[in-house]
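Descriptive analysis of the structure
One-letter residues, chain by chain:
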Amino acid sequence: NGNTVTQTGDGTLLINNSFNTGSGTIVNSGGVLGGGGSIGGDFQNSGGTVAPGNSPGTLTVDGNYNQGSGGTLAIEIGGTQPGVEHDVLNVLSDASLAGTLSVSLIDGFTPGGGNTFKVLTATGELGSEMSISCTPALTPLATIA
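Sequence order as written defines residue numbering, which begins from 1 separately in each chain. Per-residue local features are limited, in this predicted model, to residues with pLDDT of at least 70; the limit for side-chain atom pairs, both in listing and counting, is 80 or more; totals at the level of whole chains, interfaces and linings are taken over all residues. Neither water nor hydrogens contribute to the side-chain values; these are computed over all heavy atoms in the structure.

What about the environment of Ala51?
Under the convention used in this document: Note on conventions: DSSP H or I runs of at least 4 residues are helices, E runs of at least 2 residues are strands, and numbering of each starts at the N terminus. Throughout this description, buried means an accessible area under 20% of the type-specific maximum (1.4 Å probe, protein chains only), exposed means over 50%, and partly exposed covers the range between. In what follows, a contact means two residues having at least one pair of non-hydrogen atoms within 4.5 Å.
In this structure, Ala51 sits in strand β6 (residues 49-52). The class for Ala51 is partly exposed, based on a relative accessible area of 23%. Between the alpha carbons of Ala51 and Leu14 there is a distance of 9.2 Å; along the sequence they are 37 residues apart. Apart from the residues within four sequence positions on either side, Ala51 is in contact with Val32, Leu33, Gly34, Gly35 and Ala74.

Have a look at this one:
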């Protein structure tokens, strides 16, 4: 109820159901926060990694998402179907993005020419100043949206 929950260290916190902060905030300052559930409240990724889904899947933030310059959004892509074959971070308010978007191809998938992967949605404003790294490198004809 208005409190802040902070994750620190190198561990992994998986949210696979609904985690309601009661108008509070989750802060990820280290380690990995992932899973295929929903966060009811604001979420700040100041220095950790956010890994939506369960290889792959969708993580929903029912509030604002703010990723600082030390944060990483890790996305796995194993096909073209959002939330089923590739990860999606679904933000139900504003998203402010800095830091790194790290994309990894999984399950032997190779993107084809013209493929577009929508890996983050926001119903509010979306601001982005992220650097992007892909392993292996995507073909110039594939797009991360």
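Describing the confidence of the model for the protein
We count it as follows: The predictor rates its confidence in each residue with pLDDT, a number between 0 and 100.
Here the protein averages 88 in pLDDT, and 94% of its residues register 70 or above. Per-element mean pLDDT across the protein ranges from 58 in strand β17 (residues 143-144) up to 97 in β6.

Quick look at the sheet that holds strand β16 (residues 131-135)
Keep this limit in mind: The rule for pairing is simple: two strands pair if DSSP sees at least two bridges between them. Fitted lines through C-alpha atoms give the axes, limited to the stretch in contact for helices. The angle between two N-to-C directions lies from 0 to 180 degrees.
Reading across the sheet, the 6 strands line up as β2-β4-β6-β9-β12-β16 and stay open at both edges, with parallel pairing between neighbours. Looking at strand neighbours, the two that pair on one side only are β2 (12-14) and β16, the edges of this open sheet. Sheet twist, expressed as the mean angle between neighbouring strand axes with direction ignored, is 20 degrees. With 2 bridges joining them, β6 and strand β9 (residues 72-77) adopt parallel strand pairing. What sits directly across from Thr49, in β9, is Thr72.

Some points on the nonpolar core
Soluble, globular proteins show a tendency: their nonpolar side chains are buried together. Rule in force here: Grouping buried Ala, Val, Leu, Ile, Met, Phe, Trp, Tyr and Cys residues that are joined through side-chain atoms within 4.5 Å yields what is termed a nonpolar core.
Counting residues in hydrophobic clusters, the biggest one holds 23 residues, and the most contacted among them are Phe43, Tyr65 and Leu89. For this core, the secondary structure elements donating two or more residues are β5 (38-45), β7 (58-61), β9, β10 (88-91), β11 (95-97) and β12 (100-105). Excluding its chain neighbours within four sequence positions, the residues that come into contact with Leu89 are Pro52, Leu59, Val61, Tyr65, Leu73, Val119, Leu120 and Thr121.

So, the pairing of β9
Both β9 and β12 contribute to a ladder of 6 bridges, which runs parallel. Among the inter-strand pairings, Ile75 is bridged to a residue of β12, identified as Val103.

Re the side chain of Gln67
Condition: Whenever a nitrogen or oxygen atom comes within 3.5 Å of another N or O atom, the pair is scored as a polar contact, on the condition that within protein one atom can donate a hydrogen and the other can accept it, and that pairs from neighbouring residues in sequence are kept only if both atoms are in side chains.
Relative to the helices and strands, Gln67 is located in strand β8 (residues 65-67). Assessed through its relative accessible area of 1%, Gln67 is described here as buried. Among the polar contacts listed, one links the side chain of Gln67 to the backbone oxygen of Gly71, at a separation of 3.3 Å.

Quick look at the side chain of Thr21
Note that Thr21 resides in strand β3 (residues 18-28). Here the side chain of Thr21 touches Gly24 through a polar contact of 3.0 Å, landing on its backbone oxygen. From its side chain, Thr21 meets the backbone oxygen of Gly40 in a polar contact 2.8 Å long.

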